[in-house]
Amino acid sequence: MTKHRKTIVILFPILCFIVIWVSSLVKCEILTALYYDNFITFEEVSEAETFKILSCDDYSARIYCVTTNFESGSIHDFTKENNEWKYDKWEDEGWSASGNADRVIWPYWWHVVYFWF
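Quick look at the structure, then.

Reading guide: rules and limits
Residues numbered from 1 in each chain as written. Predicted model: local features only at pLDDT ≥ 70, side-chain atom pairs only at ≥ 80, totals over all residues. Heavy atoms only, no water. Helix = DSSP H or I, 4+ residues; strand = E, 2+ residues; numbered from the N terminus. Buried < 20%, exposed > 50% of the residue type's maximum accessible area, 1.4 Å probe, protein only. Contact = heavy atoms within 4.5 Å. Areas by Shrake-Rupley, 256 points an atom, 1.4 Å probe, with all protein chains shown as cover. Phe/Tyr/Trp six-rings, centres within 6.5 Å; stacked < 30°, edge-to-face > 60°. Core = buried A, V, L, I, M, F, W, Y, C linked by side-chain atoms within 4.5 Å. Patch = residues over 30% accessible without salt bridge, like charges linked within 9 Å, V, L, I, M, F, W, Y side chains within 5 Å. Salt bridge = Lys/Arg side-chain N within 4 Å of Asp/Glu carboxyl O.

1. Let's talk about the overall build of the chain
A tally of regular secondary structure across the chain gives two helices and four strands. Ordered by position from N to C terminus, the α and β elements of the chain give α-α-β-β-β-β. Counting over 117 residues, the chain shows a buried share of 32%. For the chain, long-range pairs separated by at least 24 residues make up 32% of all intrachain contacts whose partners lie at least 6 apart in sequence. Accessible area for the chain stands at about 7,800 Å²; split by element, carbon and sulfur atoms hold 59% of it.

Here it is as structure tokens:
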């Protein structure tokens, strides 16, 4: 195998990962920009340091919230009833600075690094 071919074989999967990751981030940023005002009034969201909308359709939404001082990151579910958004449930705590959760939340996988410092 030539040196050029080896480079392509190594870089292609990395490039694919980066393209998929960046497109997921862009999707979340667009959803957050579009639906920000619909969710900022909820206590679970407004108390967060930051939040991003992972998915949103006519019936449900999943929101990733990072607590103040970046102590933990969790997912909250919302449902739409009678044309109004209602808080449904706390789905999962993905990661925590105290170490009691260490899941990665896509596409914000690098947030796991917060509990290392």
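2. Observations concerning the packing of aromatic side chains
Inspection of every chain in the model, using the stated rule, returns seven aromatic pairs. Ring centres 5.0 Å apart and planes at 50° place the aromatic pair Phe-39 and Trp-85 in the tilted group. Placement of Phe-39 in helix α1 (residues 3–39) and of Trp-85 in strand β4 (residues 84–96) is noted, with a sequence separation of 46 residues between them. Just as Phe-39 is buried, Trp-85 falls in that class too. Here a set of aromatic residues connected by ring pairs shows up, and it is made of Phe-39, Phe-42, Phe-78, Trp-85 and Tyr-87.

3. Notes on the nonpolar core
Counting 13 residues, the largest nonpolar core has Phe-39, Val-45, Ile-53, Ile-63, Phe-78 and Trp-85 as its most contacted members. If we skip the residues at most four places from it in the chain, Trp-85 touches Asn-38, Phe-39, Phe-42, Cys-56, Asp-57, Tyr-59, Ser-60, Ala-61, Phe-78, Thr-79 and Lys-80. Cys-28, Leu-54, Tyr-64 and Val-66 belong to the second-largest nonpolar core, a separate cluster that totals six residues.

4. Quick look at a nonpolar patch on the surface
Taken together, the side chains of Ile-10, Leu-11, Ile-14, Phe-17, Ile-18, Val-22, Val-26, Ile-30 and Leu-34 define a hydrophobic patch exposed on the protein surface, amounting to about 810 Å² of accessible area. Position of Ile-14 among the secondary structure elements: in helix α1. On the basis of relative accessible area, Ile-14 is assigned to the partly exposed category, the value being 44%.

5. What to know about the environment of Phe-78
Inspection of the secondary structure assignment puts Phe-78 in strand β3 (residues 72–81). With relative accessibility at 0%, the residue Phe-78 sits in the buried group. Between the C-alpha atom of Phe-78 and that of Ile-63, which follows or precedes it by 15 residues, the distance is 8.0 Å. Ignoring anything within four residues of it in the chain, the contact list for Phe-78 reads Phe-39, Phe-42, Val-45, Tyr-59, Ser-60, Ala-61, Ile-63, Trp-85, Lys-86, Tyr-87 and Asp-88.

6. Focus: the side chain of Thr-32
With respect to the helices and strands, Thr-32 occurs in helix α1. Taking the relative accessible area as the measure of exposure, Thr-32 reaches 8% and is therefore buried. In this structure, Thr-32 is in contact with Phe-51, Lys-52 and Ile-53, ignoring residues within four places of it in sequence.

The values are spatial; any link to function lies outside them.
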